[in-house]
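Observations on the model geometry
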Amino acid sequence: MRGSRTSTFCTTFRSIHRATTLSMETSSSFQQLGMQQTLEPPRQQLSGYGKCSTTGSDPGKDPGKAAGCSGGSGIGKGPVPMVCSTPCGNPYAGLVSHLRASWLSGKTRPMEYRVAQLEALGRFLDDKKQEILEATELDMGKPSFEAFFSEILLCKNELNVTLNNLCQWMKDEHVDKNLVMQLDSAFIRKDPYGVVLIIAPWNYPIHLFLVPLIGAIAAGNCVIIKPSEISKNTERLVAETLSCYLDNDCFAVVTGGVPETTRLLENKFDYIFFTGMSHRKEQSPAWIWCQDLLEDLGCVSEIRQDPVPHPRAEQWLVGFPPQSMFSLATGSSAVGRIIMTAAAKHLTPVTLELGGKNPCYVSDTCDVTNVARRVVWGRFFNAGQTCIAPDYLLCTIEMQEKLMPALREAITEFFGPNPRESPDFGRIVSDKHFQRLRALLCSGRVALGGQTDEAERYIAPTVLADVLPSDPAMQEEIFGPILPIVVIANMDEAIDFINARPRPLAVYAFSCDSKIVNQVLERTSSGGFCGNDTLMHMTLTSLPFGGIGNSGLGKYHGKFTFDTFSHHRGCLHRNMGLETLNSLRYPPYTQQKMGLLTTTFELPENEARRVPECDGGNRSVNGDATRNPFAGLVSHLRASWLSGKTRPMEYRVAQLEALGHFLDDKKQQILEATASDLGKSPFEAELSEILLCKNELHETLNNLSHWMKDEHVDKNLAMQLDSAFIRKDPYGVVLIIAPWNYPIHLFLVPLIGAIAAGNCVIVKPSEVSKKTERLVAEALPGYLDKDCFAVVTGGVQETTRLLENKFDYIFFTGSPAVGRIIMTAAAKHLTPVTLELGGKNPCYVSDTCDVTNVARRVAWGRFFNTGQTCIAPDYLLCTIEMQEKLLPALREAINDFYGPNPRESPDFGRIVSDKQFQRVQRLLGSGRVAIGGQTDEAERYIAPTVLVDVQPSDPIMQEEIFGPILPIVIISNMDEAIDFINSRERPLAAYAFSSNDKVVNQVLERTSSGGFCGNDTLMHVTLTSLPFGGIGNSGLGLHHGKFSFDTFSHHRGCLKRGMGRESLNAPRYPPYCKKKFGVIQATSKDLKFPLHHDLSVLCPMFPFILLYDPSFLRSRLLHFGGLVVPVKGYPFLLGCGLSWLNPTGIPPGGRMERTGRGS
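Residues numbered from 1 in each chain as written. Predicted model: local features only at pLDDT ≥ 70, side-chain atom pairs only at ≥ 80, totals over all residues. Heavy atoms only, no water.

1. Points about the overall build of the chain
Across its full length, the chain carries 35 helices and 42 strands. In the chain, the share of contacts with a sequence separation of at least 24, taken over all contacts with a separation of at least 6, comes to 77%. Looking at the chain as shown, the accessible area adds up to about 37900 Å², and 53% of this sits on carbon and sulfur atoms. (Helix = DSSP H or I, 4+ residues; strand = E, 2+ residues; numbered from the N terminus. Contact = heavy atoms within 4.5 Å. Areas by Shrake-Rupley, 256 points an atom, 1.4 Å probe, with all protein chains shown as cover.)

Laid out in structure tokens, this is it:
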């Protein structure tokens, strides 16, 4: 789909550039995330940029010592850049450019710098603690205890975890290698993205900008922060004081409303992190605007193409508004679409944390009192203005009758008989949100609470009974102190109800029967999961936090935040010598070479598996002209996925093995089809289309059982007896759009990962490689389950209609222009994407290298597949002296590989189409032809060509060549080469040749690219242990091996707690007091030791345990020095010698943690 399809797509979607022209009509959208439109210019648009906002002092004069700015880092010296404020210019362009220049200078990369900035954030929290508590109280009436816990303590946990582990996180991660590369170095480098934009909401105005900021700083980025102006006092505090702690050359705060945010989003960022709030679709001008925008793009024809619900869930459609529950959209989702559409213009990766309606199922077998206390705390914490709060309860009519008095008792215990007078119950943030919430009280019947006071923006803790799925309270995220109860008959009905609606940010389930909790976990899909409690999974920095589907995309917390803001760059550093080992891969090709290559490259399967193949039978595709022609197909696959058919490992293995049979059975047809389409030699086709795919298959089959296992994580003191783990859930229905240059490999490798992760898949091969497309369409369905996998063929029109449907993940390989279109179409449904887009890959050749070896490795990489390879070296950078040495060596290498007349060589292919031939042929006019240059339009033949005297402004340097032409650009030294690379769009790969390892390392460390290979070309892509993917204009997302599995898996943070030991939760419940402050501080810090190791740090908790729950310790055994010491039925607590607290009777050294599945 590369090249020849780009211009056609661009013509079809000629209005794409309007996607990011965010007009003032977006005001309603942005108001939900805290950007109220203002007509006058903001009082202070920029903070931390030129002047310290609290003092007016120059940041270069040690802001830490400026009056009113305690604890500054003292970093930030340098000239203050100009900010463009002219009507024709973007007012933030200068700020973004200044931060990018700081990032390009390498200032943020050293660990010492990152630690200094993170420690400065710690001082900010310490110094401004009281101001933070006061500001959040003024903005939201937030109790000081809740503000301390959520805005300060949890942020400090993030800081401490990051500071304690940063050194380890930053280290290169060395990976496994094949036989050929045992003497080389293969590793993953964690590179910063560049300039990051963080847009924060108002409900947790410190926490929800500081946590992502910690990760962005830790990863080495520069950051612009946009706090919400709805929480006005907190916004002012952040704008006026944060710049006094951070380096003003690398970090800035931007304030303002819709106009400012609109203009801010026009700039190119390298990553955008957005957290939004909810709002009702029916009354949202933002939603209407977003719908009009996406339709105007030309890539969708209607705003809703949602799947048919699960068959057993159709009963819930009764009584719904004209647009059913399946297209429910919160305002945060609408703004999320706008953010993602704006990001698509620059191919900027995004994390969107959007919230949703979080269900809470309560089974008939549970402790009603404990359920009520935990639900009331989670629902009414922060006056219900929490994105992961339980949004509604699902229970039987009998359980509802039991819950009502327990909920009333819990509310009274927490907030007193009149919550309005309680200092521990907050207020609604604004009049607008108060009015919206009050309107929801008409749903069902007010069973508890319901009192309101508009002057105070007070809404009492309220429980609604007799709520119907069609009631207003069930059409939007509530985001306030209202708890509806929906009556269901049993667990199956509850699960069907959950699955019939957009996927939430969290799912909760309460039951004394762990099998019921596990059933809800395994049969639903959500951002996170918590069993027998609410909110608490959010407090563990070791668990990923993030949404799926309508509730968002991406993840963060602890190391996940660091990883989110880091590009994982697959790197291979090879030896300059040992060239004879490489001769196996060079032309002229022979069967003997193929046999040896197979031996050295192929990964063997660990064991033969005998699993029956699954035959799904035939299925029909809805071709109704009034509907999308692919809607029926997508709905059919989604119904199959919802049935759980693809989840068992046995099923996945059967489908993967079927792909292996496809490659074996159709090997000859594949070689013939690629030869017909591209003139590809059988050797190159077998190596790239079959052998590498088999490696992916074997790697996946050998490790799938391990990859699928729940990943248990560290816990804090309060949760040592609970189970915290990461569940790898499939996304759902995946779309893979493949290109023509490697027409088997580039659909099969992502397909392997998608199947391994448990998804259903639609494959769209490229129609440019016609014979291969026909082979895939006719043969592949005979090997895979037709209920779960399908092939769609066609051109631009079919792809356009296909993209109108809602997919759960889209994987696209092609050009940047089409990648923008794909991402814009994906934004409509908030669908995560992987885009592999290519680019102009630089190859620097130093003066200290073996010229002959360089020439052979470069010629092989450039002319393999006739240069139609996205990671081929696109141009050489070298001195004039090296050019003179290289030209004869390149001429010799080309002659060795393809003979004196490459046109007659069976090992040299052809250009794929007439259109591509004419495009590449035009590029021969750049510079001067030094080698080759012959063409034959009838055969679509272009000889292996080297151009010299090429200028950076020549046409060939303005686009990816994607053909057998190699330009050489002259530079004077390595520094100039690095500056040249950094001045251009970031490539998919960067190459460097030198006999001096320091030179190779300098190019690696001072450039940014998708991947890197030192002293060779292409070879890093042959390692399944290295991630493969682009950055910036060359793409986003990763795949290969486990990275493919992870790409197509939603990492769901899960916490399963016990139903008992309720008194251990007492410190977090209102009414709040100083004693509870201390206990919360002592128990909420993350621990890293296994439970059977020294637990003397638990001692501060024991007085609290004895005070609140002495029965908890009764009959427990304390092993001290190998002795069991019971004291009058209680353990004798000796902190210095405590080695094992045994709540189960398992002997010391035995396994205590419960497993995630089946526990």
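Read on, since the account is not over.
2. Digging into the state of the cysteines
By the definition in use, this model includes zero disulfides. In this model Cys530 remains outside any disulfide bridge; the closest cysteine sulfur is found in Cys360, 9.3 Å from its own. By relative accessible area, which is 0% here, Cys530 ends up buried. (Disulfide = S-S within 2.5 Å. Buried < 20%, exposed > 50% of the residue type's maximum accessible area, 1.4 Å probe, protein only.)

3. Section: the pairing of strand E15 (residues 482-487)
Counted residue by residue, E15 has five buried out of six residues, so it is predominantly covered. Sheet analysis places strand E10 (residues 392-395) next to E15, joined by three bridges and oriented parallel. Along E15, the bridge assignment pairs Cys395 with Val487. Alignment of strand E14 (residues 462-465) against E15, held across three bridges, turns out to be parallel. Within the sheet, the bridge partner assigned to Leu464 lies in E15 and is Pro484. (Pairing = 2+ DSSP bridges.)

4. Examining unusual backbone geometry
Residue Pro588 is bonded to the preceding Pro587 through a cis peptide linkage, with omega at -5°. Looking at where Pro588 falls in the secondary structure, it is placed in the loop between strand E19 (566-573) and helix H18 (591-601). Pro1070 connects to Pro1071 through a cis peptide bond whose omega is -5°. Summarising the element assignment, Pro1071 is placed in the loop between strand E37 (1049-1056) and helix H33 (1074-1083). In the Ramachandran plot, Asn532 falls in the positive-phi region, its phi being about 65° despite a non-glycine side chain. Tracing the backbone through its elements, the reader meets Asn532 in the loop between strand E17 (528-531) and strand E18 (552-553). In this model, Phe962 sits at a positive phi of 55°, which is unusual for a non-glycine residue. Locating Phe962 in the fold gives a position in the loop between strand E32 (945-948) and strand E33 (965-970).

5. Thoughts on the packing of aromatic side chains
Within the structure shown, the criterion is met by 31 aromatic pairs. Here the aromatic rings of Phe811 and Phe1048 are separated by 5.9 Å at their centres, their planes lie at 35°, and the arrangement is tilted. Pair noted here: Phe811 is in strand E25 (residues 809-813) and Phe1048 is in the loop between helix H32 (1041-1047) and E37, with a separation of 237 residues, a long-range link. On the accessibility criterion, Phe811 (1% relative accessible area) is buried. Under the relative-accessibility criterion, Phe1048 is labelled buried at 0%. (Phe/Tyr/Trp six-rings, centres within 6.5 Å; stacked < 30°, edge-to-face > 60°.)

6. Comments concerning the nonpolar core
Counting residues in hydrophobic clusters, the biggest one holds 217 residues, and the most contacted among them are Leu213 and Leu751. Examining the composition of this core, we find that twelve residues originate from one element, helix H6 (residues 144-170), more than from any other. Residues in contact with Leu751, not counting those within four places in the same chain, are Leu659, Ile736, Val761, Val763, Leu780 and Leu784. Counting 67 residues, the second largest nonpolar core, distinct from the first, contains Cys843, Ala855, Ile894 and Leu966. (Core = buried A, V, L, I, M, F, W, Y, C linked by side-chain atoms within 4.5 Å.)

7. Focus on the sheet that holds strand E11 (residues 445-448)
Across the sheet, ten strands lie side by side as E11-E14-E15-E10-E9-E16-E17-E37-E21-E20; this open sheet has mixed pairing. The strands lining the two open edges of the sheet, one partner per strand, are E11 and strand E20 (711-712). Along the sheet, helix H13 (residues 397-415) contacts strand E9 (359-362), E10, E11, E14 and E15; its crossing angle with E11, the most-contacted strand, is approximately 55°. (Axes fitted to C-alpha atoms, helices over the stretch in contact; angles between N-to-C directions.)

8. Thoughts on the pairing of strand E4 (residues 195-199)
Most of E4 is tucked away: five of the five residues are buried. Where E4 meets strand E5 (residues 222-226), five bridges bridge the pair, whose relative direction is parallel. Within E5, the residue paired with Ile199 across the bridge is Lys226. This β-α-β element, E4 to helix H7 (residues 207-218) to E5, shows right-handed connectivity. Summarising the sheet, E4 and strand E7 (residues 271-275) pair through four bridges and their orientation is parallel. Bridge pairing links Ile199 to Phe274 in E7. (Right-handed = clockwise from strand over helix to strand, strands pointing away.)

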